[in-house]
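Structure assessment
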Amino acid sequence: MTYSIRFSSDTMRFGRDMSQRLSTLNVTFRKISSGLRVIRAADDTAGLSIATRLESQLKETQVEMRGTRDQLSMLQTLDSSLAAAQERLLQMREVANKAANDTHSFIDRQALTEEFMDLMQALDEIAENSEFNGQKLLDRNEPLTLSLDTDRPPEKLLTRTSLRPEKLGRQS
């Protein structure tokens, strides 16, 4: 079972554009809020209108950036959980290969079976405990969708399959 997380060029461009927009808006907002041009509405109503609009855009951009950081944190949590699961799966494969060797006695095979069952339990615990903001990440059979841009609907990033041992299938 292979999981991959792909970042398109749109995603990278979106993050860079959002950072540039936020930086530009911060500079503009600092200039306006310094009072050099607009001190009160009677001084410059057009300037106050612009300042209000820029402040609104700044807050919207900050919310978008917070959402992007949350999505990145979730992906990092998912990545570390998948890495731990992959490590357990590789260990299970090694144990299965050892058990398939005809040089082991019945007692050795029982010990290898116990080790295999322990690894299955560890895999089950990873699936049970991998969550982000109360949402199970690896114990679901549904797509993971993320919103990369506020102008477009959320995109399907990957299809999750439960990592519970009873849900995993054998590949031949």
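In this report, we go over the structure that sits alongside the text. Treat the numbers as computed from the prediction; the structure is a model and nothing was measured.

**Considering the overall build of the protein**
- Tallying secondary structure elements over the protein gives three helices and four strands in all.
- For the protein, the succession of helices and strands along the chain, N to C, is α-α-α-β-β-β-β.
- Taken across its 172 residues, the protein has 25% of its residues classed as buried.
- For the protein, the proportion of contacts with a sequence separation of at least 24, taken over those separated by at least 6, is 61%.

**Describing the pattern of salt bridges**
- As enumerated under the stated definition, the model contains five salt bridges in all.
- The shortest N-O distance in the salt bridge between D102 and R109 comes to 3.8 Å.
- The exposure class of D102 is exposed, given its relative accessible area of 68%.
- E128 serves as the salt-bridge partner of K136, at 3.1 Å between the closest nitrogen and oxygen.
- Several salt bridges converge on common partners, so that one network encompasses E128, E131 and K136.

**Digging into unusual backbone geometry**
- Of note in the backbone geometry, N133 takes a positive phi value of approximately 55° without being a glycine.
- By the element assignment, N133 lies in the loop between β1 (131-132) and β2 (135-136).

**Notes on the packing of helix α2 (residues 45-99) against helix α3 (residues 106-129)**
- Contact pair α2 / α3: the axes reach a minimum separation of 9 Å and the direction vectors enclose 165°. On the basis of the axis angle, α2 is roughly antiparallel to α3. Between α2 and α3 lies a crossing of left-handed hand. Contacts between α2 and α3 involve S81, A84, A85, R88, L89, Q91, M92, V95, A96, K98 and A99 on the former and, on the latter, R109, L112, E115, F116, L119, M120, A122, L123 and I126.

**Topic: the environment of T52**
- Note that T52 resides in helix α2.
- Taking the C-alpha atoms as reference points, T52 and I32, separated by 20 residues in sequence, lie 9.8 Å from one another.

Definitions and limits used
- Residues numbered from 1 in each chain as written.
- Predicted model: local features only at pLDDT ≥ 70, side-chain atom pairs only at ≥ 80, totals over all residues.
- Heavy atoms only, no water.
- Helix = DSSP H or I, 4+ residues; strand = E, 2+ residues; numbered from the N terminus.
- Buried < 20%, exposed > 50% of the residue type's maximum accessible area, 1.4 Å probe, protein only.
- Contact = heavy atoms within 4.5 Å.
- Salt bridge = Lys/Arg side-chain N within 4 Å of Asp/Glu carboxyl O.
- Axes fitted to C-alpha atoms, helices over the stretch in contact; angles between N-to-C directions.
- Parallel < 35°, antiparallel > 145°, perpendicular 65-115°, else oblique.
- Left-handed = near helix turned anticlockwise from the far one by under 90°.

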